[in-house]
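Descriptive analysis of the structure
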Amino acid sequence: MTITEQEIRALAETAKVGLTDGEVTAMTAYFNDAVPFCGAMARAAREGRLDLDGVPPYAPAVEEPPAPGEDRAVPSPLRDELLAAAPEARDGFFVVPRILEEE
Amino acid sequence: MQLYELSATEMARGVRAGEFSASEVLESCLGRIEEGEGALAAMITVTAGKAREEAALVDGMVARGEDPGPLAGVPIILKDNICMRGAPVTCASKMLENWVPPYDAAVVEMAAASGALFPGKANMDEFAMGNSGEFSVFTHPSNPWDTDRAPGGSSGGCAAAVAAGYAPLALGTDTGGSVRQPASFCGIYGLKPTWGLASRRGVVPLAPTMDQVGPFARTAEDLALILSIISAPDGGDGTCRPGQRPDYGAAVATPSLKGKRVAAIRDLEGLSSLLDDAVLEGLSKFLDLCRGGGAEIVDVSLPVTVEFGPPCYHVLSRAEAASSLARYDGVRYGLSKRGESLSELYTLTRGEGFGPESKRRVLMGTWVMSGANFDEYYTAAAKTRTLIAREFDEAFKGCDIIALPTAPGPAFIKGTQGGERMRMANLLTLPPNLAGLPALSMNMGFTGGDKPLPVGVQLIASRWGEAELLNAAAAVEKSVGGATVASLPARGKEGEAR
């Protein structure tokens, strides 16, 4: 399987990561080198060298899950400090570009 | 002997007894930082003013007859992905270059309440992704034993700092070896606790099912001291195990290997072409010392781990990194490049804020979780991870500790890693992260030549087996001694080191 620059551009759009043309070229080379490596497990399973049948995906073991905390509202003392560090804030909210068109 | 050369245990004992002050300890360490930084670039931010205030508080308590705690006056260096109120937490990234967190990480709160001082934040690979420190967007740290070489990564600055005597302790993070590999490169101790032992509240996440905060030290006793403090339960991290921890201090106070079963991994024999003779000799030396101490040497087989550990880690760590780094969107904190639309805000911010390795990991993580790739890559890796964890469960039925080299070789020359070599660099350290196990790296001597380099050995135990690791390390330390402080290179190498 060969991964093309066009596919890398589409992937970067999905991940919302801006790439320069040079970065697209380097990224494509990295993918074509690393993807066969990443496919080692499925390939070995198909070749019968690794038995994944019926094996559940790993989940970190939590032997003693913490008891759910009491559900209550507590004031955050950090609100003003966090907003002060924001790129742009107004009236106690983070500012983002408009996402809906005006009527 | 200078104060900076003391162990943390000796520092705290002296400060509590009034033999010397916390301020004197701090000034000795700050002097060392100033002397070393030109060549080492181990630090991103030095917080001398804040640390001096902390030292004055400790000295005030001692003067009033109060006990500041078991870390009284002990300077601790923090990796720059661990939040400390009032200082930037850059993660060595342009993305967070100017962000100052308004809170302390849980481990910082715990150490501060025990009398510790915090003189600064250490250099690292961007967002803790890398094994040489060379993915830091600021400066590239150097190894104090040979400044042409990398201190390891991603917590390379922490390891270089402790080896050079900036502080007797540092706190890093380990997702695939980021504490143990730099510890081995710099000739000191590094411990990755069991997943769930230490709180991660206030630590910038990379791969949450693998990340752990881990300490660096120059003696096993110091490692036990800091672990006993930072491993306190914390309700602020839902994955942090509640309940009592073992007495780690007791594990190093009366160390003994009698009757312990220490295992070597049979399957590594097939990988000898990847492993430097020096690290294999270090392992033999460790096993000989264990045998001499009354341990039984056995062997275990971990074939799935050895063959499929690296690709399994590659897939899962990228998937989790893509998810963890999704929070950097230019809206709430950090770098923000305003565009016309929300989509443009995200793309411009992340395009400019992330370095090359972050971009590679975010894209690969996105790719392995997309559409048909999910089963072929992500699910296959997640199932393989279950087999790896089971393999270790089985192995620990026949042994107490598994011993192996920490890294394929001693510290490498900066700028020489890439592609296949980089992928295999954490071959030996990533299995405990995949299986959630505790692992420790300790120094096992030096290579020959005119610039001898430290060689590390790694010990893995079953879950919650930190006391087992500390006991074994302390027992072997009785023969080989603790780590020594590296001499600083002559001044005037500033340009060269960076």
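The structure displayed is predicted, hence computed values, not measured ones. (Residues numbered from 1 in each chain as written. Chains lettered and ligands numbered in written order. Predicted model: local features only at pLDDT ≥ 70, side-chain atom pairs only at ≥ 80, totals over all residues. Heavy atoms only, no water.)

On to the overall build of chain B, then. The helix and strand inventory of chain B stands at 17 helices and 11 strands. Over its C-alpha trace chain B gives a radius of gyration of 21 Å, about what one expects of a compact globule, namely 23 Å for 498 residues. Reported as C-alpha extents along the three principal axes, the dimensions of chain B are approximately 65 × 60 × 50 Å. Put simply, chain B has 498 residues, and 66% of those count as buried. Restricting the contact set of chain B to residue pairs at least 6 apart, pairs at least 24 apart contribute 77%. For chain B, the exposed surface amounts to about 15900 Å²; the carbon and sulfur share of it is 50%. Distance between charge centroids for chain B: 3 Å, based on 46 positive and 57 negative side chains. (Helix = DSSP H or I, 4+ residues; strand = E, 2+ residues; numbered from the N terminus. Rg over C-alpha atoms; globule rule 2.2 N^0.38 Å. Buried < 20%, exposed > 50% of the residue type's maximum accessible area, 1.4 Å probe, protein only. Contact = heavy atoms within 4.5 Å. Areas by Shrake-Rupley, 256 points an atom, 1.4 Å probe, with all protein chains shown as cover. Lys, Arg positive; Asp, Glu negative; His and termini not counted. Charge placed at Lys NZ, Arg CZ, Asp CG, Glu CD.)

It is a general feature of regular strands that their side chains alternate between the two faces of the sheet. Residue and element names in this part refer to chain B. The element strand S11 (residues 454-460) is largely enclosed, with a buried count of seven among its seven residues. By the bridge criterion, four bridges tie strand S9 (residues 401-405) to S11 in an arrangement that is antiparallel. Across the sheet, the residue bridging to leucine 404 is glutamine 458, located in S11. Inspection of the sheet shows strand S10 (residues 439-446) paired to S11 by six bridges, in the antiparallel sense. Bridge assignment links serine 441 to a residue of S11, and that residue is glutamine 458. (Pairing = 2+ DSSP bridges.)

Glancing now at the nonpolar core. Residues Leu71, Ile76 and Phe286 of chain B are the most contacted members of the largest nonpolar core, which totals 100 residues. In terms of residues, this core owes the most to one element, helix H7 (residues 220-230) of chain B, which gives eight residues. If near-sequence neighbours (up to four positions away) are discounted, leucine 71 of chain B is found in contact with Ala12, Ile76, Ala111, Ser114, Gly115, Ala116, Leu169, Leu225, Ile226 and Ile229 of chain B. Grouped together as the second largest cluster of nonpolar side chains are 88 residues, Val17 of chain A together with Ala128, Leu428 and Val455 of chain B included. (Core = buried A, V, L, I, M, F, W, Y, C linked by side-chain atoms within 4.5 Å.)

All names here are of chain B. As summarised here, the arrangement of the 11 strands in space is S1-S3-S2-S4-S6-S5-S10-S11-S9-S7-S8, forming an open sheet in which the pairing is mixed. Since the sheet does not close on itself, it has two edges, and those belong to strand S1 (43-46) and strand S8 (296-300), each with one partner. Averaged over all neighbouring strand pairs, the angle between strand axes comes to 30 degrees, with direction disregarded. With six bridges joining them, strand S4 (residues 169-174) and strand S6 (residues 212-217) adopt antiparallel strand pairing. Each bridged residue has a counterpart across the sheet, and for threonine 173 the counterpart in S6 is valine 213. Relative to strand S3 (residues 117-122), helix H2 (residues 22-40) is tilted by about 20 degrees, and along the sheet it contacts S1, strand S2 (75-79) and S3. (Axes fitted to C-alpha atoms, helices over the stretch in contact; angles between N-to-C directions.)

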